[in-house]
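Below are the chains, spelled out letter by letter.
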Amino acid sequence: MIQIPKGTKDVLPSQVHKWQFVEKTARETAELFAFREIRTPVFEHTELFARGVGDTTDIVTKEMYTFLDKGNRSVTLKPEGTAGVARSFIENGMAGGVLPAKMYYLIPAFRYERPQAGRLREFHQFGVELYGAADPAADAETITLADLFLKKLGLKQVRLELNSIGCKHCRAKYNEALKEYFRPHLAEMCPDCNARFEKNPMRIIDCKEEGCRRFTAGAPRMLDYLCDDCKAHFEEVKALLARAGVAYEINPSIVRGLDYYSRTVFEFVTSAAGAQGTVCGGGRYDSLIEQMGEKPVPAVGFAAGMERLLMVMEAEGAPMPEPSGTVCYLAGMDGASRAKAFELATMLRAKGIACECDLMGRSVKAQFKYADKSGAKFVAVIGGSELEEGAVSLKNMATSSSEKVAFADLADYLSSNGAN
Ligand code: ATP
Ligand code: MG
């Protein structure tokens, strides 16, 4: 038997309503803030991610699903959403259009990681991207959107952690301070951190190895190195969050995994569902578009992991909608009444009423059993006498009461009673 690839998951029909609920909540929340959906390809030229995500990140150095297509071009399944949106922003000349450009996406993402709870090789993200606005209000609006989304999912134990990693100028000084601090410990630190030390020392703060964490705890804090502009920007973001009633904690060790971030960075975290506690991460990336060879355009955004959100919702016991059953099952006793059931089902569906009839040649008793299991609200029985009268015997499955309803009145009856 061929099995599902390691690190991937099926979403079965019995579970899919949970996904649909989270996806619907994501779309509705984004649209409340006037973000519009953008859809970009699942694969892109590999170079896009090397440039747009950054070639010192874990994603690019270790985790990409890269292969040669039949034309010998190197392509990569997208490991995150921002690079593709940035490419599209540039390619479609959006910088010359209406700004800010506010976009959201719901995508599968692919990373070659060691699979564990909340860490998959194919996973899903809801993300937003806001291009063109350098104002702290854009950071605050993006964070407020994520906060409202999580609240609408019923999550109560998720905390917002906030930091600023400054701009190129203040970070250069900070990186020097970090190098000075880490230099004496390098021999005891992991090979990745030794490489980070040369290329991007700030990334050491993000290391998950126990051996390195011992040293990162006492490292200099970026917040102490912010220039005046970055400091003022950060103060304003905090002030606006306070106005919006969004609670946050400052966490000076958040640096984010991707190279393009500047100034505001944030994560929504929880300990409700084990080790993979970051459900959403984001920040400002004013140098991304410039890094891709264009005139700079300020930007801010986030991405939330759908699998982790669902795990946390489960762990917190957040209310989840029930899967919706059909409104009506049409049970036929014999050949002629089955044909009538089929005809009525067609008519009901054309009027937008979800219904089913037997496809298995089952007895009426077995049809009832199936209807009950499938959660139908009503069962319409049709036999010889119903055919003669031109009416179904309609049983309300919740109350067990039955009444005759004329074929011609069935759609209206179900529309007015189907919802309860
Ligand atoms: P982590 O530190 O957990 O590896 P990350 O910094 O790599 O996270 P991002 O690139 O910021 O993650 O992605 C945004 C969100 O996507 C994460 O907060 C998380 O919820 C989710 N996510 C990232 N990688 C995975 C994965 N392999 N499986 C499931 N969800 C993931
Ligand atoms: Mg990661």
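Quick notes on the rules
Residues numbered from 1 in each chain as written. Chains lettered and ligands numbered in written order. Predicted model: local features only at pLDDT ≥ 70, side-chain atom pairs only at ≥ 80, totals over all residues. Heavy atoms only, no water. Near = heavy atom within 4 Å. Polar contact = N/O pair within 3.5 Å; in protein donor to acceptor, adjacent residues only side chain to side chain. Areas by Shrake-Rupley, 256 points an atom, 1.4 Å probe, with all protein chains shown as cover. Helix = DSSP H or I, 4+ residues; strand = E, 2+ residues; numbered from the N terminus. Buried < 20%, exposed > 50% of the residue type's maximum accessible area, 1.4 Å probe, protein only. Contact = heavy atoms within 4.5 Å. Pairing = 2+ DSSP bridges. Axes fitted to C-alpha atoms, helices over the stretch in contact; angles between N-to-C directions. Core = buried A, V, L, I, M, F, W, Y, C linked by side-chain atoms within 4.5 Å. Salt bridge = Lys/Arg side-chain N within 4 Å of Asp/Glu carboxyl O. Expected span 1.5 Å × (residues − 1). Parallel < 35°, antiparallel > 145°, perpendicular 65-115°, else oblique. Left-handed = near helix turned anticlockwise from the far one by under 90°. Nonpolar A, V, L, I, M, F, W, Y, C, P; charged D, E, K, R; others polar. Disulfide = S-S within 2.5 Å. Domains from an automatic or database assignment.

(A) Here's a closer look at the site of ligand 1. Looking at ligand 1, there are 15 residues lining it, with Arg111, Glu113, Arg119, Leu120 and Arg256 nearest. A distance of 2.8 Å separates an oxygen atom of ligand 1 from a polar atom in the side chain of Arg119. A distance of 3.4 Å separates an oxygen atom of ligand 1 from a polar atom in the backbone of Val279. Coverage of ligand 1 by the protein chains reaches 91% of its 590 Å² of free accessible surface. Residue assignment for the shell around ligand 1 shows that the elements contributing at least two residues are strand 6 (122-131), strand 10 (278-284) and strand 11 (299-305).

(B) Inspection of the environment of Met360 at higher detail. Here Met360 shows up in the loop between strand 13 (355-357) and helix 13 (364-373). Separated by 199 residues in sequence, Met360 and Glu161 have C-alpha atoms that sit 55 Å apart.

(C) Spotlight on unusual backbone geometry. Here the residue pair Leu99 and Pro100 is connected by a cis peptide bond, since its omega of 0° sits within 30 degrees of zero. Among the secondary structure elements, Pro100 is positioned in the loop between helix 4 (82-91) and strand 5 (101-110). Positive phi, close to 65°, is recorded for Ala34, a residue that is not glycine. Along the chain, Ala34 turns up in the loop between helix 1 (16-32) and strand 1 (36-37). Positive phi, normally seen in glycine, also occurs at Ser400, with a value near 65°. Considering the arrangement of structural elements, one finds Ser400 in the loop between strand 15 (391-396) and strand 16 (402-406). Judged by its relative accessible area of 49%, Ser400 falls in the partly exposed class.

(D) Broad picture of the side chain of Asp147. Within the fold, Asp147 resides in helix 5 (residues 136-152). Looking at Asp147, the relative accessible area reads 12%, which means it is buried. Filtering out sequence-adjacent residues up to four positions away, Asp147 remains in contact with Val246 and Phe268.

(E) Representation of the sheet that holds strand 4 (residues 74-77) within the structure. Pairing in this open sheet of 3 strands is antiparallel, and the strands run 2-4-3 from one edge to the other. Looking at strand neighbours, the two that pair on one side only are strand 2 (43-45) and strand 3 (65-68), the edges of this open sheet. Each neighbouring strand pair of the sheet contributes to a mean axis angle of 35°, computed without reference to strand direction.

(F) Focus on the nonpolar core. Formed by 93 residues in total, the largest nonpolar core has its most connected members in Phe126, Tyr131, Ile143, Phe149, Phe182, Phe268 and Leu309. Examining the composition of this core, we find that 7 residues originate from one element, helix 5, more than from any other. Leaving out residues up to four positions away in the same chain, Ile143 has contacts with Leu160, Leu162, Val237, Leu241, Val246, Thr264, Phe266 and Phe268. Phe378, Leu394, Phe407 and Leu414 belong to the second largest nonpolar core, which has 20 residues in total.

(G) Representation of the pattern of salt bridges within the structure. One pass over the full model with this rule turns up 24 salt bridges. With a shortest N-O distance of 2.9 Å, Arg119 and Glu113 are connected by a salt bridge. For the pair shown, Arg119 and Glu113 are each scored as buried. One salt bridge connects Asp147 with Lys151, and the closest N-O pair in it is separated by 2.6 Å. A residue pair is termed a helical-turn pair when its members lie 3 or 4 positions apart in one helix, as Asp147 and Lys151 do in helix 5 at 4 residues. Note on Lys151: relative accessible area 47%, which makes it partly exposed. Through salt bridges with shared partners, one network takes in Asp58, Lys62, Asp192 and Arg196.

(H) Structural context of helix 1. Look at helix 1: 24 Å from first C-alpha to last across 17 residues, which is about the 24 Å you get at 1.5 Å a residue. Turning to helix 1, its buried residues number three or more, namely His17, Lys18, Trp19, Val22, Thr25, Ala26, Thr29 and Ala30. Residues of helix 1 that are buried make contact with strand 5, strand 6, helix 5 and helix 11 (306-316). After helix 1 finishes, the residue Ala34 shows a positive phi value of roughly 65°.

(I) Seen up close, the packing of helix 5 against helix 9 (residues 228-243). Two numbers describe how helix 5 lies on helix 9: the axes approach to 8 Å, and their chain directions differ by 40°. As far as their axial angle goes, helix 9 and helix 5 are oblique. Relative to helix 9, the crossing made by helix 5 is right-handed. For the pair helix 5 and helix 9, the contacting residues are Pro136, Ala137, Asp139, Ala140, Ile143 and Thr144 in the first and His233, Glu236, Val237, Leu240 and Leu241 in the second.

(J) How the structure looks around the packing of helix 1 against helix 11. Following both chains from N to C, one finds helix 1 and helix 11 inclined at 110°, their axes separated by 11 Å at the closest point. Relative to helix 11, the element helix 1 is oriented roughly perpendicular. Contacts between helix 1 and helix 11 involve Lys18, Trp19, Phe21, Val22 and Glu23 from the former and Met306, Glu307, Leu309, Leu310, Met313 and Glu314 from the latter. Considering only residue class, the contact of helix 1 with helix 11 consists of 7 nonpolar, no polar and 4 charged.

(K) Spatial organisation of the state of the cysteines. Tallying each qualifying case throughout the model produces 0 disulfides. With no disulfide of its own, Cys212 lies closest to Cys190 among cysteine sulfurs, the gap being 3.7 Å. For Cys212, a relative accessible area of 1% gives the class buried.

(L) Seen up close, the domain arrangement of the chain. Domain boundaries assigned for the chain yield domain 1 (16-167 + 227-316) and domain 2 (328-419). Computed over C-alpha atoms, the centres of domain 1 and domain 2 are 48 Å apart.

(M) Region of interest: the environment of Gln116. Structurally, Gln116 is set in the loop between strand 5 and strand 6. Taking the C-alpha atoms as reference points, Gln116 and Asp372, separated by 256 residues in sequence, lie 38 Å from one another. Of the polar contacts made by the side chain of Gln116, one reaches the backbone oxygen of Arg114; its length is 3.3 Å.

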